[in-house]
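Chains, contacts and geometry: an overview
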Amino acid sequence: HGMSFKEAFERVKLFIQKKHANYTETCQIITGRGNHIKPGSPPGLLFSSFPQWMKDKQTCLLVERCIPSDGSYTVFLKRPVECDLTGFNLEQSSY
């Protein structure tokens with residue numbers, strides 16, 4: 001992918017924000033298993049960091065849960081909150 005750790009994190013956050021804004025229910029994010037994966041070795045940095053990324057203060061508001069797979073995660077997004085402001089008159093509100 002050619003990105004730094006921070007760039008990858010920012011790209012994932014933006015991707016999730018766009019999917020959420022488009023009312024997408026689930027999305028697949030491929031982290032890869034890492035360049036040095038051998039049987040019995042620990043997972044790659046992006047794959048192992050992903051659950052912590054989902055706890056980010058902006059991202060956690062959008063993500064219901066994520067399920068790991070082999071080098072990827074399936075992310076289940078929360079439903080966007082709909083707010084119907086038709087008929088709302090700011091001048092008559094108590095603000």
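Residues numbered from 1 in each chain as written. Predicted model: local features only at pLDDT ≥ 70, side-chain atom pairs only at ≥ 80, totals over all residues. Heavy atoms only, no water.

Residue position: Gln28 is located in strand 1 (residues 26-30). Spatially, the C-alpha atoms of Gln28 and Cys66 are 9.4 Å apart, while their sequence positions differ by 38 residues. Residue contacts for Gln28: discarding those within four places in its chain leaves Phe15, Ser72, Tyr73 and Thr74. In terms of polar contacts, Gln28 uses its side chain to reach the side chain of Ser72, at 2.6 Å. One polar contact links Gln28 to Thr74, side chain to side chain, over a distance of 2.9 Å. (Helix = DSSP H or I, 4+ residues; strand = E, 2+ residues; numbered from the N terminus. Contact = heavy atoms within 4.5 Å. Polar contact = N/O pair within 3.5 Å; in protein donor to acceptor, adjacent residues only side chain to side chain.)

Following the sequence through the fold, Lys13 ends up in helix 1 (residues 5-21). Owing to a relative accessible area of 10%, Lys13 belongs among the buried residues under this scheme. Among residues more than four places away in sequence, those in contact with Lys13 are Asp56, Gln58 and Thr59. (Buried < 20%, exposed > 50% of the residue type's maximum accessible area, 1.4 Å probe, protein only.)

The subject of this paragraph is the pairing of strand 2 (residues 63-68). As judged from the five bridges shared by strand 2 and strand 3 (residues 72-77), these two strands associate in the antiparallel manner. When the sheet's bridge partners are listed, Ile67 is paired in strand 3 with Thr74. Between strand 2 and strand 3, which follow one another and run antiparallel, lie three residues, and Gly71 among them has a positive phi close to 85°. (Pairing = 2+ DSSP bridges.)

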